[in-house]
Amino acid sequence: MSTFIDMFAGAGGFSEGFLQAEYKGNYFDFLLASDINPTCEVTHYIRYNLQLGLNTAFLTKDISDPDFIEVLLATIKHKFGNKEIDVLTGGPPCQSFSLAGERRKNDKKDDLFSYYLKVIGTLKPKYFIMENVAGILTKDNGRIKERILREIRNIVDYSALDRFIKSVEKGMDINHSSITELNLCIKILKIWQENNRLIEERRNDYLSILENLDAENLSTTQKSFLEASLFENKNTIANSILEELCASLSSQLVDAFRNDKQTTEDERNVIRQAVSLISKTTLLNKLQHEIKKQINTAQLKRSIYKTQFDQITDWLNLESIIDIAKTQCDKIISNSTNSKAKAVLSYIKLALEIIPEGPYATVQRVKDLITENDIEYPNLESDLKAISLYKIAKPMILHASDYGVPQNRVRVVFIGCRNDQNLITSIPPTVTSSEKVTIEEAIGDLNYIEIGSHPLNYDSAFYAKFKKTKKWNIMRYQDGSLSADKESKTYIEWSRQGRLNPERFPNLKKEDPSYSKANSMAEFKENDILRAKLQNHETSNHNELVQKRYEIMRKYGGYQEAKEAEPDNPLMETKKRNYTVLNPNDQAPTITTMPDDFVHYAANRSLTVREMARLQSFDDSFVFQGKRATGGDKRKDETPQFTQVGNAVPPLMARAIAMEILKNIK
């Protein structure tokens, strides 16, 4: 049995798919989920703890909180001891990467993948998955994609890096080598080593002291004060090796320009000040994080202050500081006749290039220098492989409809494996282009519902009538593939009966699915649960005008088509433009968080939560908790059912990923 943790879990699309997957007796044990939204915790608790009887933990916390990893580690240890995490799944929120939406500078969500990679570097799972929208590949002309791949490669095995550094230094001693660039690279690799040591040391000390605080007879206020003080100290300790290097560079600069009248002090200070700022990288990062946090907390998205705050984060950005300093180095070098000063500036510029590139790229520099200078290193290739902790192929573009999902949802997945595991380069489709599940095949049995109604059971008479149509005859396996086998069912039957193994989850048959109106665990009361055969199948109470507008759109096949056919029809005067009339014989477009984006193919209404869940490939027994819909400021604290559905990873696509991991994991 392999273990997994689901980050940015939302409703639980990844979790569902991973729990469905089984291969040659191996399957996944679901340890923990994490998400910032408290309503998602209610959905998870009822599904996984109450309904399935699992011991899964849930951490409701912002991954960008500076103490997130400490709290996560403490939760895992308290709940599961020292159990190894085999797989980490996650889809950092993608609104700012989406091709459809506005891309915002300093959107907090742009950096969430970086926090996710820090969790990966801490837990060191055998495999990790990062899912996002296709827009991430073109964001900032591809720079975001390259940054992700670079940061993945920079998750290094520091014990292997330590062996590498010692072997290089030994080879340099044997060869009596004093190569300037090589020595500089080794110094900078030691900075990365020290940074990792400080992080681990501070984290362990922080957790240990917090445990002791719990044992002390202190008031809540005193504990909060001490915890905040510890926390402040934990995140501001400087890297002494980095400070020593920067102090050395600054001293060399001052010495090289002593009595030099060609270059003004102000010109030189641009470089000296940059070096001083770099030595305080921890502080700069903290300031930048706090300002970005304030931009989002104060909702400055369209504020007159936004440009000013963006400028602050630009100037605090280490890359910006280094770019200015490197340009100044080039300028002074080209205008100076002082050979000593030019040599020192070239050395400083080299340091400025190496410092931000990360340990992986610096190790590659060292490798090239070792080869160029014939430095003895017998086990170079094997040691290099051990340093980079994760292998990754290029990002994969997955089409949900290729995995039995009745939806044309396109997603990008980064799948990395630890260097002791098999690399996964593709997720084989489970259906061909002619075998894809259609909309009517998925939700046709649910269209007995009236406007403004909320049935809690299926309509057997409507169901019997629907079974006689051609759509009912398409028999499939659990993964959506076609089959005439006795174990096969229709898509609707799989949805109604469930795709989870009943032998592993016997609780599913004991009670009807449960619903709670609670938007957080603080509001949740088990005796307020409503149990029913069918949940989340409620229609909006459309007025007559809306119904007639839907009727016209259905007649012509869409809003724009209806507008062109009847340009003077007052029913088509609406601020909303992005309606999609569903085609029963095709797949749905990407399911979003807005229910009125879609018009039912055979009724003058929007879709229900259950119909949208079917189009995402959720089983009917999976119930989305909390309010059906919400708006305005309440969206900060509540995650309504429609949002939970629209933001989810389709379980059948997640299942296909999980199956490929089970086939490869060691």
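Residues numbered from 1 in each chain as written. Predicted model: local features only at pLDDT ≥ 70, side-chain atom pairs only at ≥ 80, totals over all residues. Heavy atoms only, no water.

Colleague: Hey, could you run me through the overall build of the protein chain in this one?
Modeller: When helices and strands are counted, the protein chain shows 24 helices and 13 strands. Rg of the C-alpha trace for the protein chain: 29 Å, near the compact-globule value of 26 Å for 666 residues, within the 12% margin. Residues counted as buried form 53% of the 666 residues belonging to the protein chain. Considering only contacts in the protein chain between residues 6 or more positions apart, those separated by 24 or more positions represent 74%. With an accessible surface of roughly 30,700 Å², the protein chain has 48% of that area assigned to carbon and sulfur atoms. Mean positive and mean negative side-chain charge positions of the protein chain (91 and 91 charges, respectively) differ by 2 Å. (Helix = DSSP H or I, 4+ residues; strand = E, 2+ residues; numbered from the N terminus. Rg over C-alpha atoms; globule rule 2.2 N^0.38 Å. Buried < 20%, exposed > 50% of the residue type's maximum accessible area, 1.4 Å probe, protein only. Contact = heavy atoms within 4.5 Å. Areas by Shrake-Rupley, 256 points an atom, 1.4 Å probe, with all protein chains shown as cover. Lys, Arg positive; Asp, Glu negative; His and termini not counted. Charge placed at Lys NZ, Arg CZ, Asp CG, Glu CD.)

Colleague: Just to check I follow, could you spell out unusual backbone geometry for this structure?
Modeller: Peptide bonds are, in most cases, trans, and in most cases residues other than glycine have a negative phi. For phenylalanine 8, which is not glycine, the phi dihedral falls at a positive 50°. Following the sequence through the fold, phenylalanine 8 ends up in the loop between β1 (2-7) and α1 (13-20). With a phi close to 55°, glutamine 299 is a non-glycine residue in the positive phi region. Take glutamine 299: it is sitting in the loop between α11 (281-297) and α12 (306-316). On the accessibility criterion, glutamine 299 (47% relative accessible area) is partly exposed.

Colleague: Mind showing me how you'd approach the pairing of strand β3 (residues 26-35) here?
Modeller: Side chains on a regular strand alternate between the two faces of the sheet. β3 sits mainly inside the fold: nine of its 10 residues count as buried. Of the strand pairs in this sheet, strand β2 (residues 22-23) and β3 are connected by two bridges, and their pairing is antiparallel. The residue bridging tyrosine 23 from the neighbouring strand is asparagine 26, located in β3. Sheet analysis places β3 next to strand β4 (residues 57-60), joined by four bridges and oriented parallel. (Pairing = 2+ DSSP bridges.)

Colleague: Help me out: how do you make sense of the packing of helix α3 (residues 68-80) against helix α7 (residues 180-215) in this one?
Modeller: Helix packing for two helices is described by the angle between their axes and how far apart those axes are. Remark: α3 packs on α7, axes separated minimally by 10 Å, with the N-to-C direction vectors making an angle of 60°. Classified by the angle between their axes, α3 and α7 sit oblique to one another. Crossing handedness for the pair α3 and α7: right-handed. Packed against α3, whose contacting residues are Ile69, Glu70, Leu73, Ala74 and Lys77, the element α7 presents Arg203, Tyr206, Leu207 and Glu211 at the interface. Taken together, the residues of the contact of α3 with α7 sort by class into five nonpolar, no polar and four charged. (Axes fitted to C-alpha atoms, helices over the stretch in contact; angles between N-to-C directions. Parallel < 35°, antiparallel > 145°, perpendicular 65-115°, else oblique. Left-handed = near helix turned anticlockwise from the far one by under 90°. Nonpolar A, V, L, I, M, F, W, Y, C, P; charged D, E, K, R; others polar.)

Colleague: Would you mind going over the pattern of salt bridges with me for this structure?
Modeller: Where charged atoms from two side chains of opposite charge approach closely, those side chains can pair. Taken as a whole and judged by the stated rule, the model has 35 salt bridges. Where arginine 197 meets glutamate 194, a salt bridge forms, and the shortest distance between an N and an O atom there is 2.7 Å. One end of the pair, arginine 197, and the other, glutamate 194, are both in helix α7, three residues apart, so they sit about a helical turn from each other. What makes arginine 197 partly exposed here is its relative accessible area of 38%. Counted as one network, the salt bridges with shared partners bring together Asp445, Arg496, Arg614 and Asp620. (Salt bridge = Lys/Arg side-chain N within 4 Å of Asp/Glu carboxyl O.)

Colleague: It is not clear to me how the packing of aromatic side chains should be interpreted in this structure. Could you clarify?
Modeller: Note on aromatic pairs: each is described by the distance of the centres and the angle between the planes. Evaluated as defined, the whole model comprises 17 aromatic pairs. Arranged with centres 5.3 Å apart and planes meeting at 75°, the rings of phenylalanine 128 and tyrosine 390 form a pair that is edge-to-face. With phenylalanine 128 in strand β6 (residues 127-133) and tyrosine 390 in strand β7 (residues 390-392), this pair connects stretches of sequence that are 262 residues apart. By relative accessible area, which is 3% here, tyrosine 390 ends up buried. Among the aromatic residues, ring-to-ring pairing joins Phe4, Phe14, Phe18, Phe28, Phe30, Tyr48, Phe618, Phe622 and Phe624 into one connected group. For arginine 496, the ring lying beneath its charged end belongs to tyrosine 463, and the centroid distance is 3.5 Å. (Phe/Tyr/Trp six-rings, centres within 6.5 Å; stacked < 30°, edge-to-face > 60°. Lys NZ or Arg CZ within 6 Å of the ring centre and 35° of its normal.)

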